[in-house]
Amino acid sequence: MATLEQELLADFADSGDEDVQDLENDFAEGPGDDDEMVDEEAQYREKDKDSKGPADIRSAQQLKASLDPVLKRIEETKDQMDIVEGESFEESPEYQLLTEANEFSTQIDGETATVHKFIRDHYSAFFPHLEDLIKNPIVYARACLVIGGGPLQDIKDISPKLRQIEGMEPAQVMIVEIEATRVEGRLLSEAELDLVSGACHLLLELNAAKSKILAFVESRTELFAPNLTALIGSLTAAHLISYSGGIANLAKTPACNIAPLGSTKVSGATVGLSNMGLRHEGYLYHSDIIQNQRPDLRKQALRIVSAKVILAARVDAHSNSHTADIGMDLRKECERRLDKLVEMPANQKAGGRALPVPGKFIYTSLLLHFN
């Protein structure tokens, strides 16, 4: 009796040649199909490459179109106060417009970074490393419009226009002049210049829209966030609310994440030099309650105020009261704790001598011994 293995071998011996021939016939034209597939993929990549430029800023253009009705409503209602006494904030048209504007403000930040990258990627072929000299996206876009596509050897002729750009420091203008005489870029075509110029104008339009939204939010912070405004001021409160996308979102933010909001991260080489160990100088850092402190105490002040910011935001998010009593109490509490940071120790106040620290005494004795 044949085993299972022998039966299988016999079956393969009978039909193996036919199966192999069938496989060869089925895949005889395989390589040709693969070549066609490769060609189609190459054509798709080439087509995608050609359309990549405008597609990168298409979402920003759509956002700008969506912003126009909101900006029109803000312009119509900026001098009006439609809040009725006893009316819920959530039911107010003012609050709904404010919430919608805050959501757009958050989207503008993302699209601004995208358009800025698009400009850098295309303009760097003409003026390499300009983005390293001018970090601010708005200033960079304005500088690109001023410099244009002319020869960089004539940079000194347009230096007066560069100095007129808001936010452009004289030292930056000087560095740009020096770098322009050393770089070796290629001239951009007319189509490339038009593309870069359009992106720069789009970036400036988005920035202008955000400024209008921020001004509107600032004008309403005292009404919709009275306690937060009393604590850190209307401008800082407007920045935090807009960046977070609304007072409700700000109230959900952990206190440790308040200080970095709206900040530019400082490189590790400069930490501890200009900002006393702070890696972030956000919106809260530039508020008056922080700036009034000594530079070496601002890090502690940020921790103290950040915790109170969350408390004030939670009160404003879940209360319909127009009063700022809690916010003023929180500010007094912050000021009391901040004053304690600069107070002299009790033994120095009384004119007495502080007790020596044992470690310090031993270290001083060793220095005297070896000297």
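What comes next is a walk through the structure. Note that the structure is predicted; figures quoted are calculated from it, not measured.

### Here's the deal with the overall build of the protein chain
Here is step 1 of the chain: In terms of regular secondary structure, the protein chain is built from 18 helices and zero strands.
Here is step 2 of the chain: Counting every position in the protein chain, which comprises 371 residues, the buried fraction comes to 35%.
Here is step 3 of the chain: Of the contacts formed within the protein chain by residues at least 6 apart in sequence, a portion of 66% connects residues at least 24 apart.

### Describing the nonpolar core
Here is step 1 of the chain: Core analysis: the largest hydrophobic core is formed by 84 residues, its most contacted members being Ile119, Tyr123, Phe127, Ile147 and Leu228.
Here is step 2 of the chain: Sequence-distant contacts of Ile119, defined by excluding residues within four places in its chain, comprise Ser124, Tyr140, Ala141, Cys144, Val196, Ala199, Cys200 and Leu203.

### Points about unusual backbone geometry
Here is step 1 of the chain: Within the chain, His129 stands out as a residue other than glycine whose phi angle is a positive 70 degrees.
Here is step 2 of the chain: Inspection of the secondary structure puts His129 in the loop between helix H5 (93-123) and helix H6 (130-133).

### Topic: the packing of aromatic side chains
Here is step 1 of the chain: For the structure shown, the criterion picks out two aromatic pairs.
Here is step 2 of the chain: Note on Tyr123 and Phe126: the rings are 5.5 Å apart at their centroids and 65 degrees apart in plane angle, and the pair reads as edge-to-face. By the burial criterion, Tyr123 is buried, and Phe126 matches it.
Here is step 3 of the chain: Judged by centre distance (5.9 Å) and plane angle (75 degrees), the ring pair of Tyr243 and Tyr283 falls under edge-to-face. Here Tyr283 lies in the loop between helix H13 (247-251) and helix H14 (288-291) and Tyr243 lies in helix H12 (residues 234-244), a separation of 40 residues in the sequence.
Here is step 4 of the chain: By relative accessible area, which is 34% here, Tyr243 ends up partly exposed.
Here is step 5 of the chain: Of the residues examined, Tyr283 reaches a relative accessible area of 18% and is grouped as buried.

### Focus: the packing of H5 against H12
Here is step 1 of the chain: It is at 7 Å that the axes of H5 and H12 come closest, and there the two elements cross at 75 degrees. When the interaxial angle is binned, H5 and H12 end up roughly perpendicular. Mapping the contact onto sequence places Asn102, Ser105, Thr106 and Asp109 in H5 and Ile241, Ser242, Tyr243 and Ser244 in H12.
Here is step 2 of the chain: Looking at the contact of H5 with H12 residue by residue, the class counts come to two nonpolar, five polar and one charged.

### Thoughts on helix H10 (residues 190-224)
Here is step 1 of the chain: For H10, which comprises 35 residues, the first-to-last C-alpha distance of 49 Å matches the rise-based estimate of 51 Å (1.5 Å per residue) to within 8%.
Here is step 2 of the chain: The principal kink in H10, of about 30 degrees, is found at Glu218.

### A closer look at the pattern of salt bridges
Here is step 1 of the chain: Enumeration over the complete set of coordinates arrives at eleven salt bridges.
Here is step 2 of the chain: Here Arg186 and Glu192 are joined by a salt bridge, their closest N and O atoms 3.0 Å apart.
Here is step 3 of the chain: Judged by relative accessible area, Glu192 falls into the partly exposed class, the value being 26%.
Here is step 4 of the chain: The partner of Arg336 in a salt bridge is Glu333, and the shortest N-O contact between them spans 2.6 Å. With Arg336 and Glu333 both in helix H16 (residues 325-342) and three residues apart, this pair spans about one turn of that helix.

### Details of the environment of Met174
Here is step 1 of the chain: Along the chain, Met174 falls in helix H9 (residues 170-180).
Here is step 2 of the chain: With a relative accessible area of 52%, Met174 lands in the exposed category.
Here is step 3 of the chain: Sequence separation of Met174 and Ser159 is 15 residues, and the distance between their C-alpha atoms is 8.5 Å.

Here is what the cut-offs are and how they apply
- Residues numbered from 1 in each chain as written.
- Predicted model: local features only at pLDDT ≥ 70, side-chain atom pairs only at ≥ 80, totals over all residues.
- Heavy atoms only, no water.
- Helix = DSSP H or I, 4+ residues; strand = E, 2+ residues; numbered from the N terminus.
- Buried < 20%, exposed > 50% of the residue type's maximum accessible area, 1.4 Å probe, protein only.
- Contact = heavy atoms within 4.5 Å.
- Core = buried A, V, L, I, M, F, W, Y, C linked by side-chain atoms within 4.5 Å.
- Phe/Tyr/Trp six-rings, centres within 6.5 Å; stacked < 30°, edge-to-face > 60°.
- Axes fitted to C-alpha atoms, helices over the stretch in contact; angles between N-to-C directions.
- Parallel < 35°, antiparallel > 145°, perpendicular 65-115°, else oblique.
- Nonpolar A, V, L, I, M, F, W, Y, C, P; charged D, E, K, R; others polar.
- Expected span 1.5 Å × (residues − 1).
- Bend = angle between axes of the 7 residues up to and from the residue.
- Salt bridge = Lys/Arg side-chain N within 4 Å of Asp/Glu carboxyl O.

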